[in-house]
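Okay, here's what each chain looks like letter by letter:
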Amino acid sequence: AQSVSQHNHHVILSEAASLELGCNYSYGGTVNLFWYVQYPGQHLQLLLKYFSGDPLVKGIKGFEAEFIKSKFSFNLRKPSVQWSDTAEYFCAVNARTGRRALTFGSGTRLQVQP
Amino acid sequence: GAGVSQTPSNKVTEKGKYVELRCDPISGHTALYWYRQSLGQGPEFLIYFQGTGAADDSGLPNDRFFAVRPEGSVSTLKIQRTERGDSAVYLCASSAGTTPQETQYFGPGTRLLVL
């Protein structure tokens, strides 16, 4: 069975600080990896995804994530956060072939102070 | 273009009652998913449709939960004999293609409260 761990439940940063949110997954096969974001009052939307190729993936709004296979990790980064990045961030995984259901982590709430 | 829509946005019911939650996917999307999100948790998978058929219903918690997609577009999630533990946000997502790499586009959810 797949599982996803997001160890940071609540992160508070000041504007312009750098961000790194951790994501570790457990799965015996090849996976696709996703980061979704939920801004206050809005629905979940995709930030970025990885399924093959360059393990450093760039997404929208200046976010990037690096897939490190040996560590089963897919950490999300942004060099300089803005107040508008305040949101909840979810890491998710599914199998490269076969089962399409996403398994999500419990989420990290990011609060950026102006 | 129009995204995934869900109705109602909020539903309050009493324990033991029957509820139906509706999802309108993005036009042309053949895959449709239902997830459930409890407070402080990430979404949990319930069921996945490819076209009209349920391709994976392994996430349905018990036989009180049932979903249909009779014409391969709109889907309805049905919950019988609701329990307080069913209170959650029910999310619907759709995707265009036939591979797990496809982005799943989520709707705003239906917040269900069982009293």
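Counting of residues starts from 1 at the beginning of each chain's written sequence and follows it residue by residue. Throughout, the order in which chains and ligands are written sets their labels, letters from A for the former and numbers from 1 for the latter. Per-residue local features of the predicted model are confined to residues with pLDDT of at least 70, and side-chain atom pairs are confined, for both listing and counting, to 80 or more; whole-chain, interface and lining totals are unaffected and use all residues. Excluded from the side-chain calculation are hydrogens and water; included are all heavy atoms of the structure.

Bringing the overall build of chain B into the picture now. Under the DSSP-based scheme used, a helix requires at least four consecutive residues in state H or I and a strand at least two consecutive residues in state E, with every element numbered from the N terminus. A count of helices and strands for chain B gives 0 helices and 11 strands. Each helix and strand of chain B, placed in order from N terminus to C terminus, yields the pattern β-β-β-β-β-β-β-β-β-β-β. Expressed along its principal axes, the backbone C-alpha trace of chain B runs to roughly 40 × 25 × 25 Å. Here chain B holds 115 residues, and 47% of them are scored as buried. A contact between two residues is defined here by any heavy atoms of the two lying within 4.5 Å. Partitioning the contacts of chain B with sequence separation of at least 6, the portion at a separation of at least 24 is 54%. Looking at chain B as shown, the accessible area adds up to about 5,400 Å², and 48% of this sits on carbon and sulfur atoms. When charges are tallied, Lys and Arg are placed among the positive residues and Asp and Glu among the negative ones, while His and the ends of the chain are skipped. The location of each charge is read from NZ of Lys, CZ of Arg, CG of Asp or CD of Glu. Distance between charge centroids for chain B: 8 Å, based on 11 positive and 11 negative side chains. Under the scheme applied here, a residue whose accessible area is under 20% of the maximum for its type counts as buried, over 50% as exposed, and between as partly exposed, the area being computed with a 1.4 Å probe on protein chains only. All accessible-area figures derive from a Shrake-Rupley calculation using a 1.4 Å probe, and residue coverage is judged against the displayed protein chains alone.

With that out of the way, let us pick up the state of the cysteines. Residues and elements named next belong to chain A. Here, two cysteine sulfur atoms that lie within 2.5 Å of each other are counted as a disulfide. Applying the stated criterion to the full structure yields 2 disulfides over all chains. Across the disulfide, Cys23 is cross-linked to Cys91 (sulfur-sulfur distance 1.9 Å). Judged by the sign of its S-S torsion, about -65°, the bond between Cys23 and Cys91 is left-handed. One end of the pair, Cys23, is in the loop between β3 (19-21) and β4 (24-26); the other, Cys91, is in strand β10 (residues 87-95), and 68 residues separate them in sequence. Across the pair, Cys91 and Cys23 agree in class, each one buried.

Here the focus is the side chain of Asp86 of chain B. Residue and element names in this part refer to chain B. By the element assignment, Asp86 lies in the loop between β8 (75-79) and β9 (88-95). Of the polar contacts made by the side chain of Asp86, one reaches the side chain of Arg64; its length is 2.8 Å. Residue contacts for Asp86: discarding those within four places in its chain leaves Arg36, Arg64, Phe65, Ile79, Leu112 and Val114. For the purposes of these results, a polar contact is taken to be a pair of N or O atoms within 3.5 Å, where, inside protein, one atom must be able to donate a hydrogen and its partner to accept one; residues adjacent in sequence count only when each atom of the pair is a side-chain atom.

Turning our attention to a nonpolar patch on the surface. Residue and element names in this part refer to chain B. For patch building, the residue pool is restricted to those with more than 30% relative accessible area and no salt bridge; the joining distance is 9 Å between like charges and 5 Å between nonpolar side chains (Val, Leu, Ile, Met, Phe, Trp, Tyr). By definition here, a salt bridge exists when the distance from a side-chain nitrogen of Lys or Arg to a carboxyl oxygen of Asp or Glu is within 4 Å. A cluster of nonpolar residues, Val12, Leu113 and Leu115, forms a patch on the protein surface that exposes about 270 Å² of accessible area. By the element assignment, Leu113 lies in strand β11 (residues 110-114). A relative accessible area of 40% means that Leu113 is categorised as partly exposed.

Residues and elements named next belong to chain A. Position of Gly107 relative to the elements: it lies in the loop between β11 (103-104) and β12 (108-113). Considered as a pair, Gly107 and Ser70 are 37 residues apart in the sequence and their alpha carbons are 23 Å apart. Residues within four places of Gly107 in sequence aside, it is in contact with Gln6, Asn8, His9, Glu88, Tyr89 and Phe90.

Let's shift gears to the pairing of strand β3 (residues 19-24) of chain B. Residue and element names in this part refer to chain B. Of the two faces of β3, the one holding Val19, Leu21 and Cys23 is buried and the one holding Glu20, Arg22 and Asp24 is not buried anywhere. Two strands pair if DSSP finds at least two bridges between them. Looking at chain direction, β3 and β8 are connected through 5 bridges and run antiparallel. Looking across to β8, one finds that Cys23 is bridged to Ser75.

Let us look at the sheet that holds strand β1 (residues 5-7) of chain B. Residues and elements named next belong to chain B. One open sheet holds the 4 strands; their spatial order is β1-β3-β8-β7, and the pairing between them is antiparallel. Looking at which strands have only one partner, the edges of the open sheet turn out to be β1 and β7 (65-68). Going across the sheet, the axis of each strand differs from the next one's by a mean of 15°, ignoring polarity. The angle between two axes is taken between their N-to-C directions and runs from 0 to 180 degrees, where each axis is a line fitted to C-alpha atoms and a helix contributes only its stretch in contact.

Moving on: the pairing of β7 of chain B. For a regular strand, side chains alternate in direction, first toward one face of the sheet and then toward the other. Residues and elements named next belong to chain B. Burial along β7 is one-sided: the residues Phe65 and Ala67 are buried and none of Phe66 and Val68 is. Here β7 pairs with β8 via 4 bridges, running antiparallel. By the bridge assignment for β8, Phe65 is matched with Ile79. If you look at the hairpin formed by β7 and β8, you'll find 6 residues sitting between the two strands, and Gly72 has a positive phi there, around 75°.

Here the focus is the pattern of salt bridges. On inspection of all chains with the given rule, the structure shows 9 salt bridges over all chains. Notably, a salt bridge pairs Asp85 of chain A with Lys78 of chain A, separated by 2.9 Å at the nearest N-O pair. Between Asp56 of chain B and Arg99 of chain A there is a salt bridge, with the nearest N and O atoms lying 2.9 Å from each other. One end of the pair, Asp56 of chain B, is in strand β6 (residues 53-56); the other, Arg99 of chain A, is in the loop between β10 and β11, on a second chain.

This brings us to the nonpolar core. Here, nonpolar core means buried Ala, Val, Leu, Ile, Met, Phe, Trp, Tyr and Cys residues that are tied together by side-chain atoms lying within 4.5 Å of each other. Membership of the largest hydrophobic core comes to 28 residues, with the highest contact counts inside it found for Leu33, Trp35, Leu47, Leu48, Phe74, Leu76 and Tyr89 of chain A. Where this core is concerned, the elements lending two or more residues are β2 (10-14), β3, β5 (31-38), β6 (45-50), β8 (64-68), β9 (73-78), β10 and β12 of chain A. Beyond its immediate stretch of four places on either side in the chain, Tyr89 of chain A contacts Gln6, Leu21, Trp35, Tyr36, Val37, Leu47, Phe63, Leu76, Gly107, Thr108 and Leu110 of chain A. Ile26, Ala67, Ala88 and Tyr90 of chain B belong to the second-largest nonpolar core, a separate cluster that totals 20 residues.

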